[in-house]
Structures are given as structure tokens and as C-alpha cells.
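A structural walkthrough
Chain by chain, the residues:
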Amino acid sequence: MRSPTEFRKGKPGFYPDQSVYAEFACAEFGLHFRDLDGGSGLLFSVASRTKLLHFGAGRCSWYPQNSATASTLASDKHFASRILREAGVPALGGEYFFLHERHRAHRPAGHERSDASDCFRRLGGAAFVKPLTGSRGDFAQPVHGEAALVRYLDDVVKYYDAILIQPIVEGTEYRVFLLDDDVLYCARKYPPSVTGDGVHTVRELLAVHNDALRARGLSPASLPDRDPSLDAVPAKGERREIPGRMNLSAGGTMMLADAPSEKAIILARQAARAIGLRVAAIDMFVDIGGKPDANEIIEVNSNPAIRLLEDSDRGDLILKIWHHTFAAMGLL
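Presented here is an overview of the structure given in this document. (Residues numbered from 1 in each chain as written. Predicted model: local features only at pLDDT ≥ 70, side-chain atom pairs only at ≥ 80, totals over all residues. Heavy atoms only, no water.)

The next point concerns the packing of helix H4 (residues 77-86) against helix H8 (residues 262-275). Relative to each other, H4 and H8 sit at 115 degrees, their axes nearing to 9 Å. Between H4 and H8, the angle is such that the two are roughly perpendicular. Handedness of the H4/H8 crossing: right-handed. Counted together, Ala-80, Ile-83 and Leu-84 of H4 and Ala-271, Ala-274 and Ile-275 of H8 form the full contact between these two elements. (Axes fitted to C-alpha atoms, helices over the stretch in contact; angles between N-to-C directions. Helix = DSSP H or I, 4+ residues; strand = E, 2+ residues; numbered from the N terminus. Parallel < 35°, antiparallel > 145°, perpendicular 65-115°, else oblique. Left-handed = near helix turned anticlockwise from the far one by under 90°. Contact = heavy atoms within 4.5 Å.)

Tallied over the full model, the rule gives 20 salt bridges. Asp-180 is paired through a salt bridge with Arg-278; the nearest N and O atoms lie 2.9 Å apart. Linking Asp-180 in the loop between strand S8 (172-179) and strand S9 (182-190) with Arg-278 in the loop between H8 and strand S13 (279-286), this pair joins segments that are 98 residues apart in sequence. By relative accessible area, which is 32% here, Asp-180 ends up partly exposed. With relative accessibility at 34%, the residue Arg-278 sits in the partly exposed group. One salt-bridge network, held together by shared partners, links Arg-8, Asp-17, Arg-307, Glu-310 and Asp-311. (Salt bridge = Lys/Arg side-chain N within 4 Å of Asp/Glu carboxyl O. Buried < 20%, exposed > 50% of the residue type's maximum accessible area, 1.4 Å probe, protein only.)

Tallied over the entire structure, the rule returns 12 aromatic pairs. Centre to centre, the rings of Phe-7 and Phe-24 are 5.8 Å apart; their planes meet at 55 degrees, and the pair counts as tilted. One end of the pair, Phe-7, is in helix H1 (residues 4-8); the other, Phe-24, is in helix H2 (residues 17-29), with 17 residues separating them in the sequence. Here Phe-7 and Phe-24 have matching classes, each one buried. Considering the side-chain rings of Phe-139 and Tyr-160, the 6.2 Å spacing of their centres and the 80 degrees angle between planes classify their relative orientation as edge-to-face. Of this pair, Phe-139 sits in the loop between strand S5 (126-131) and strand S6 (141-144) while Tyr-160 sits in the loop between helix H6 (146-156) and strand S7 (162-166), and the two are 21 residues apart along the sequence. Take Phe-139: its relative accessible area is 8%, and that puts it in the buried class. Here the basic side chain of Lys-11 rests over the ring of Tyr-15, its NZ or CZ set 5.3 Å away from the ring centre. (Phe/Tyr/Trp six-rings, centres within 6.5 Å; stacked < 30°, edge-to-face > 60°. Lys NZ or Arg CZ within 6 Å of the ring centre and 35° of its normal.)

Printed below as a string of C-alpha cells:
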């Protein structure tokens, strides 16, 4: 078996991961891959002897075996949480709020920006806030204090029209990746970090980290500006974690791991079934508050990235995912 890395060679840095993996899988399964957008990878076709199918990268769904309805419901964090709770699956929940007056006549009262402040106060002035339909961890962060909430809303309103406010939960975060009811892999998530060089302060190292996030179109990491620990100079090689989001795209790390428990697997399957997804990555907290049986679903991802598998040298699992896709769509 060839490596996905071989198919990445010579391609520009912006070339989509999933387009690399599709070309890799086509070579393994005897299908024809064709880039249709001048080498951007954003639009391509896959053909067998009897059928041709078009795929899009970027904001397009990478998994056409998921219905448009299921994918859309999963992308709305409030809708997905309501569906899970209705099905008896523990989920973090939260309240949603709109940041613009547009379409005000089409929604019920109690979900405007002014209402967000009231919800925040009910949570004691501290909450985890994220865009209602965001991805890659963009603007997903803990917020402490009403002044910080105002600054956050002023920033996020430039890019999103609605947010979700949730209580802050402490637990160990895992991802369970499912193909239908089969668990393809589990991974444990870890927060991003900066590494000391013995010269620069944490604040300076964090500024470099944030510049890299902005270059990728993501919001910077947020830490209390007056935190005196930010002015410390960590020793060379010393690692300082950045709390909050753990997405790979935001600098977090994931490592393939055994499932935390059979209960976690059962919850992941129940969550995917409730939304109606054939391919899903279920993010969840386990051991909440140090309680082994306290698990809650964070998000249900209908369009999950799989760069972790390339980085872990698991091209075999990438092929399993694409075989599922090609077979479901009648290409195999």
C-alpha cells in the first residue's frame, strides 16, 4: 500500500487533505481521480467504469453517504443537542443567541444579544461560548466576566450571526469515529500549548501562536490579559498548555487511544443514530468532575477531518473510510 504522503508531494500547502485522501484511495481501488479546478483540489470527480461522482472540498460535505438533512442538523449545535436529549442521550446543551437584527421577525423572543448577557449572569459570569454553526474550534473558548463577554461578542459578530452559551465543564475529551455502527477509531484530545525557549515570555510565545491561527483564518487563543503568569519566561522545552478548545486546527493534539469505556461507545452510537448519520465523529467528555460514569456529548460532527490518521501512519483506516464512501455511492 502506498502512503497518502506520496500523493501530497508537489501539491500546494492549501491543497485539501480530503482531496489528497480521495486520490490515494482511487489509486488503491482502481478508480479514476480528476481535479476539476485547475489543481486547487476544491472540486474533483471520481469515476468507475460505469459511474461518475463529483466531490467538493472546502465547505462541501466530504461524506455524501450522510443525508443533507442529517448533516445540516448536526452542524447546528443547538438542534443537534436537542435531538440527542430527546433521544435520551446526555448532551451539554446550552442556549443560542443571535447577534444581528436580520430576520428578527422569523424567530421567537429570548434569543437576542441582550438576552445572552442575562444567560451569562445566570451561569455565574463564566461560560464556554462558541458560534452556533462554527467549526475547527473557531471562536470556541471559555469567557470569564461580563466585560470579556462584550469583547467576545464584538469580535465574533464580524464572522458569525449566532452563538451558543454553555456551562463550563471539566472532563477528559475523546473522539469516537463511526462508520455506521462500527467504531473505526477512538482518540483522546489534548489542549494546544506553547513551548518555552528560555528567552521569551508566555505572552510573547502566545502571540506567535495566535499569529499562526489568524493566518489559517481562525480566532486567536484567549487568556486573561492581566494574568501575571503570562509574563513568566518558561525554561527551554517547558510546555505550557492553553486551556479551552482542543481542535487539531487550533493547535490541539489528538492521539489514537483505546475507548474510555463501553458506555462511551454506546453513547456515540446512540448519538449518530439519533441524528441519522452514517459517518460521524462524536466528541464527548468522560469522567466529568472525576466521576467515572459522568459522560456527556459535546458535538456530533458530520464532516470530520481525518488528518490524525495520516499523521499516525494509518493509511489503512483512511482507505476504510473512502471504501465506505465509494461503496455507498455505487462506485465500488
